[in-house]
Amino acid sequence: MSEALIVLKGIGKRYKRGKQSVPIFEHLDMTIPRQDFAAIMGPSGSGKTTLLNLLGGIDRPSEGTINFDGKRMDNLSENQLAAFRAANIGFIFQFYNLMPMLSAAQNVELPLLLTKLGPRARRERVKTALAVVGLSDRARHKPSELSGGQQQRVAIARAIVSDPKLLLCDEPTGDLDRETAGEILGMLQTLNRDLGKTIVMVTHDPEAARFAKRTLHLDKGRFSEKDLNA
Amino acid sequence: MARTLAQINAVTSMNLRSIPSRLWTSISTVVAVGIATGVLLSFLAMSNGFRSTVKGTGSPDVAIFLRKGGGGELNSIITREQVQLIEEAKGIAKGPDGKALLSAEMYSVVDGIKKSSGTKANLPLRGVGPNAVNVRRGIKISAGRMFQSGTAELVVGRAVSKQFKGFELGRTIRLASQNWKVVGEFEAGGSVFESEIWSDIAMLQGLYRRGSSVQTVRARMEDPNRLKELLAFSDADPRLKLDVKAETEFYANQSRGISDLILYLGWPLAIAMSFGALAGALNTMYASVDARMREIATMRAIGFGGLPAFVGTMTESLLLSAIGGVVGTLFAYLLFDGISASTLGSNFTQVVFSFKFTPELVVQGVFLSLIIGFAGGVFPAWRAARVPLLAAFREQ
Ligand SMILES: Nc1ncnc2c1ncn2[C@@H]1O[C@H](COP(=O)(O)OP(=O)(O)OP(=O)(O)O)[C@@H](O)[C@H]1O
Ligand SMILES: [Mg+2]
């Protein structure tokens, strides 16, 4: 078992815009060790979300290789990628992305529908995940009946319920006030420390980045500096 | 497999539960599909009812003699000598008096006033003798009595007295410049004869100055297979040379044109309305997919496949259309089933018939609605299955 959870080598990524092909990354290398908690900062349009999408198997690189847990994943088919995401990745979005028609518990249950677990086992897992984020008493609430912070906690429960190795967060506190943001970031920190989840988090907020173990600055498709947080 | 079903289930139920947030466009789709289905079914029921009325007329063992090439009864003419020749033909059943069982008849057209609209319409006035009832089956005087020979008395079919003014029992009515007394009403098993007025043949021959000639002769055959012999008999004698047809065939031919006409009006109208409904369904379903774009992308990011998104959208479309189909069917049924109408039959006379719904018609209506649902759902569903995953990261 290698030390690193993810290794990116020589990554190039271009988007086609009309006839032009716009490069976002060229020859990007990156290593994310197990149990890392990395914050990624950088100006708007620098490619933070694009990087997260590559790490999460939502998008594929134009060049280079990505190894996840020792296996190539840049060359997987679309269906294989969907299975890869279901097994390994938990996503946390800026706007929570909960299903408005479903209760908190049903939202958390969704990733489990992709596993072999039966209804009873699923219910147990959902209960545990909601307990981890401190929302056991809101299981039956619809997202519209929850505050922004509570909705993001439901989203975190959904991200961890199938026990993925990697959590990817794109501006998870971008829509929350400072106090609530602090709660959410503390929760991510706990998941990283106590449950050993590897976390990559994109943020604009230096305060938020302080909760991570290290911060990477992305600019013009390169990591310009690395600084270890406390 | 079970997991795929669980995914489809989850996505579909989310999909259906989100319909209330698109309530008005969904309702308008239901209504549009309902109207298209209802219109189609009404025309089908009309055609069906007309056809079954006309088809139910006549028996296979009654032969009808007409002038060659004349077409209908109105244009036909048969002389007294020809009638006497026909009496000699082999294959005709014998009546109680031991003579050939045949009925020589006059056929003319008179004006009636429709109760519903107050407008004029043509009614057949048939001049008959006593054998008219014996040659046909199922003619029954349901009120009053039969007319007396040699008098200006009438009996009227049940549909005539129901739909036209002035034919109540005991009333005197002026037809063909003659005052008639209505003395009876008859049933004829729902056949075209119920849309006719019958009087004494001699009275009509006098009124129309036809002397002793008649227009048609009906003969009860010993069995339906004797028709060939009658045809051969008529062809062999140069004095005859008449058309001979089974009565059932005669009416079936007459019904075809009109019921086809109803269908040719009904289907294009229903299809035009279906296109309207289809446009509505497409609009609703694209709106549905657009509204759920981020949800669908999020599900895909979590690891769900494109199939559940496709099935969910398709199900929503089929469900809305099926509801429309059922509502349209129900409305058409409640409004029209069993309702009487009259339309031009053969010889531009009125045939009274009822709209008739059958299970097959309902199946056709529901089928139409499901086709609209399918066509309106398949492209939006395809779009749903191909929502870019990156949409999960965008603000609504
Ligand atoms: N699907 C796409 N097609 C074409 N260009 C794209 C696409 N997605 C992103 N881009 C472009 O790639 C660049 C990087 O985008 P990305 O979303 O990764 O930036 P970001 O760092 O996340 O920015 P922000 O902080 O505003 O979220 C931008 O210039 C963007 O316009
Ligand atoms: Mg971004």
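About the criteria used
- Residues numbered from 1 in each chain as written.
- Chains lettered and ligands numbered in written order.
- Predicted model: local features only at pLDDT ≥ 70, side-chain atom pairs only at ≥ 80, totals over all residues.
- Heavy atoms only, no water.
- Helix = DSSP H or I, 4+ residues; strand = E, 2+ residues; numbered from the N terminus.
- Buried < 20%, exposed > 50% of the residue type's maximum accessible area, 1.4 Å probe, protein only.
- Contact = heavy atoms within 4.5 Å.
- Phe/Tyr/Trp six-rings, centres within 6.5 Å; stacked < 30°, edge-to-face > 60°.
- Lys NZ or Arg CZ within 6 Å of the ring centre and 35° of its normal.
- Near = heavy atom within 4 Å.
- Polar contact = N/O pair within 3.5 Å; in protein donor to acceptor, adjacent residues only side chain to side chain.
- Areas by Shrake-Rupley, 256 points an atom, 1.4 Å probe, with all protein chains shown as cover.
- Salt bridge = Lys/Arg side-chain N within 4 Å of Asp/Glu carboxyl O.
- Core = buried A, V, L, I, M, F, W, Y, C linked by side-chain atoms within 4.5 Å.
- Expected span 1.5 Å × (residues − 1).
- Bend = angle between axes of the 7 residues up to and from the residue.
- Domains from an automatic or database assignment.
- Buried area = accessible area lost by both parts, 1.4 Å probe.
- Nonpolar A, V, L, I, M, F, W, Y, C, P; charged D, E, K, R; others polar.

Engineer: For this particular structure, what's the right way to read the overall build of chain A?
Structural biologist: Summing up its helical and strand segments, chain A has seven helices and 10 strands in all. Taken over the C-alpha atoms alone, chain A extends approximately 50 × 40 × 40 Å along its principal axes. Taking all 230 residues of chain A together, the buried fraction comes to 53%. Taking the intrachain contacts of chain A between residues at least 6 apart in sequence as the baseline, contacts between residues at least 24 apart amount to 69%.

Engineer: Looking at this model, I keep getting lost on the packing of aromatic side chains. Mind explaining?
Structural biologist: All names here are of chain B. With the rule as written, the count across this model stands at eight aromatic pairs over all chains. Each ring, one from Phe186 and one from Trp198, has its centre 4.8 Å from the other, and the planes form 35 degrees; the classification is tilted. Remark: Trp198 occurs in strand 8 (residues 197-200) and Phe186 occurs in strand 7 (residues 179-187); sequence separation between them is 12 residues. Each of the two residues, Phe186 as well as Trp198, counts as buried. Using a relative accessible area of 1% as the deciding quantity, one classes Trp198 as buried. Through a chain of ring-to-ring contacts, three or more aromatic side chains come together here, namely Phe186, Phe193, Trp198, Phe250 and Tyr251. One Lys or Arg, Arg136, reaches over the ring of Phe193 and ends 4.4 Å from the middle of that ring.

Engineer: Would you mind going over the site of ligand 1 with me for this structure?
Structural biologist: In the region of ligand 1, 13 residues are neighbours, and Ser44(A), Gly45(A), Lys48(A), Thr49(A) and Thr50(A) sit closest. Near ligand 1, the surrounding residues are drawn from chains A and B. One nitrogen or oxygen atom from the main chain of Ser46(A) is found 3.3 Å from an oxygen atom belonging to ligand 1. The separation between an oxygen atom of ligand 1 and a polar side-chain atom of Thr49(A) is 2.7 Å. Taking 630 Å² as the accessible area of ligand 1 by itself, protein coverage stands at 65%.

Engineer: Looking at this structure, I do not really get the pattern of salt bridges. What am I missing?
Structural biologist: A side chain with one charge can pair with a side chain of the opposite charge if their charged atoms come near. Following the criterion strictly, the structure yields 32 salt bridges over all chains and no others. As a salt-bridge pair, Arg178(A) and Asp205(A) come within 3.7 Å of each other at their nearest N and O atoms. Of the two residues, Arg178(A) is situated in helix 6 (residues 178-195) and Asp205(A) in the loop between strand 8 (198-202) and helix 7 (206-209); the sequence distance between them amounts to 27 residues. The exposure class of Arg178(A) is exposed, given its relative accessible area of 56%. With a closest N to O distance of 2.9 Å, Glu229(B) and Arg226(B) form a salt bridge. In this structure Glu229(B) comes out as partly exposed when scored by relative accessible area, which is 36%. What emerges from the salt-bridge pattern is a single network uniting Glu73(B), Glu105(B), Arg126(B), Arg136(B), Glu196(B), Arg218(B) and Glu247(B).

Engineer: Mind showing me how you'd approach the nonpolar core here?
Structural biologist: Generally speaking, soluble globular proteins have nonpolar side chains that are buried together. Residues and elements named next belong to chain A. Residues Ile6, Leu51 and Leu55 are the most contacted members of the largest nonpolar core, which totals 42 residues. Looking at which element gives the most residues to this core, the answer is strand 2 (residues 20-33), with five residues. The contact partners of Leu55, leaving out residues within four places of it in the chain, are Ile6, Leu8, Ile32, Met73, Phe84, Ile89, Leu166, Leu168 and Val200.

Engineer: For this particular structure, what's the right way to read helix 11 (residues 359-385) of chain B?
Structural biologist: Residues and elements named next belong to chain B. In this model, helix 11 (27 residues) spans 37 Å end to end at C-alpha, consistent with the 39 Å of a helix rising 1.5 Å per residue. Along helix 11, the helix axis deviates most sharply at Val378, where the bend reaches about 35 degrees; the proline Pro380 sits within four residues downstream. Taken as a whole, helix 11 has its buried residues at Leu361, Gly365, Leu368, Ser369, Ile372, Gly373, Gly376, Gly377, Pro380, Ala381, Ala384 and Ala385. On its buried face, helix 11 is in contact with helix 2 (23-55), helix 8 (247-291), helix 9 (293-302) and helix 10 (306-336).

Engineer: Explain the domain arrangement of chain B here, please?
Structural biologist: Often, the extent of an interface is quoted as the loss of accessible area on bringing the components together. Residue and element names in this part refer to chain B. When cut into domains, chain B gives domain 1 (2-55 + 254-393) and domain 2 (62-222). Each of domain 1 and domain 2 has a C-alpha centre, and the two are 48 Å apart. Counting residues at the interface gives 12 residues for domain 1, matched by 17 residues for domain 2. Here domain 1 and domain 2 share an interface that buries about 1,100 Å² over both sides, 53% of which is from carbon and sulfur atoms. At the junction of domain 1 and domain 2, the tally comes to zero salt bridges. Mapped onto the side of domain 1 that touches domain 2, the elements with two or more residues apiece are helix 2, strand 11 (340-344) and strand 12 (350-354). The class makeup of the residues in the side of domain 1 that touches domain 2 is five nonpolar, seven polar and no charged.

Engineer: Can you help me understand unusual backbone geometry in this one?
Structural biologist: Working note: non-glycine residues mostly have negative phi, and peptide bonds are mostly trans. Residue and element names in this part refer to chain A. One non-glycine residue, Tyr96, lies in positive phi territory at about 65 degrees. Residue placement: Tyr96 occurs in the loop between strand 6 (89-92) and helix 3 (104-109). Given a relative accessible area of 9%, Tyr96 falls into the buried group. You will see that Lys220, though not glycine, has its phi angle at about 50 degrees, which is positive. Mapped onto the fold, Lys220 is located in the loop between strand 9 (214-219) and strand 10 (222-228).

Engineer: Just to check I follow, could you spell out the environment of Trp198(B) for this structure?
Structural biologist: C-alpha of Trp198(B) to C-alpha of Ala132(B): the two residues are 66 residues apart in sequence and 9.8 Å apart in space. A distance of 2.9 Å separates the side chain of Trp198(B) from the side chain of Glu196(B), its partner in a polar contact.

Engineer: What am I meant to see in the interface of chain A and chain B here?
Structural biologist: Tallying the contact residues gives 26 residues for chain A and 21 residues for chain B. Between chain A and chain B, roughly 2,300 Å² of surface is buried when both sides are summed, and carbon and sulfur atoms account for 69% of that area. Looking only at chain A, the three residues that lose the most surface to chain B are Phe95(A), Met101(A) and Leu114(A), adding up to 26% of its buried area. For the pair chain A and chain B, the interface holds zero salt bridges.

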